[in-house]
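# Coordinates in review
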Amino acid sequence: MSEANSHATELTSQYIAQVTGDLERNTKEQERIGQEIETLQEQLHALQHDHTVLVNMQQALGDASPAAEADTAAAPSVPHQVSAEPKQSKPKKAAATSAKEDGIQEARRQGLIREGIHGNGQADPG
């Protein structure tokens, strides 16, 4: 009987060691995948932001072609946080000018275009 108990105890110890090792590997893998997901979410957020900037620039530049509208309609919708402060309405021309300026500033910030002026007053493309 003692030999059977000894064998059972040894087997239990092996299972405990195996389960402990599996748990450690599982935890490390969860951490690794969680970090990958976080990195991918940051990249996705940056791409969505860039998409919004580019769509705004396109609209400000007056390109409302059907193909452009289809591209923006096909983009997945991401909920945006609503501001507690009411938005003030701008006249359409002022809003378009502001959107164009915002888009150009954002493109400069991201290094898509550089500052410089042609004779027509337009920014230099990179």
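Residues numbered from 1 in each chain as written. Predicted model: local features only at pLDDT ≥ 70, side-chain atom pairs only at ≥ 80, totals over all residues. Heavy atoms only, no water.

### Points about the pattern of salt bridges
- One pass over the structure, following the stated rule, counts three salt bridges.
- Across the salt bridge formed by D22 and R25, the nearest N and O atoms sit 2.4 Å from each other. Of this pair, D22 and R25 both sit in helix α1 (residues 2-60), three residues apart, which is roughly one turn of that helix.
- The closest approach of N and O atoms between R32 and E29, which form a salt bridge, is 2.4 Å. In this pair, R32 and E29 are both assigned in helix α1, three residues apart and thus about one turn of the helix distant.
- Accessibility expressed as a relative area gives 35% for E29, which makes it partly exposed.
- By sharing partners, the salt bridges in this structure join E29, R32 and E36 into a single network. (Salt bridge = Lys/Arg side-chain N within 4 Å of Asp/Glu carboxyl O. Helix = DSSP H or I, 4+ residues; strand = E, 2+ residues; numbered from the N terminus. Buried < 20%, exposed > 50% of the residue type's maximum accessible area, 1.4 Å probe, protein only.)

### So, α1
- Taking 1.5 Å as the rise per residue, α1 with 59 residues should run 87 Å; its terminal C-alpha atoms sit 86 Å apart, in good agreement.
- Taken together, the buried positions of α1 are G21, V53, V55, M57 and A60.
- Once α1 ends, the next one or two residues include G62, with phi positive near 90°. (Expected span 1.5 Å × (residues − 1).)

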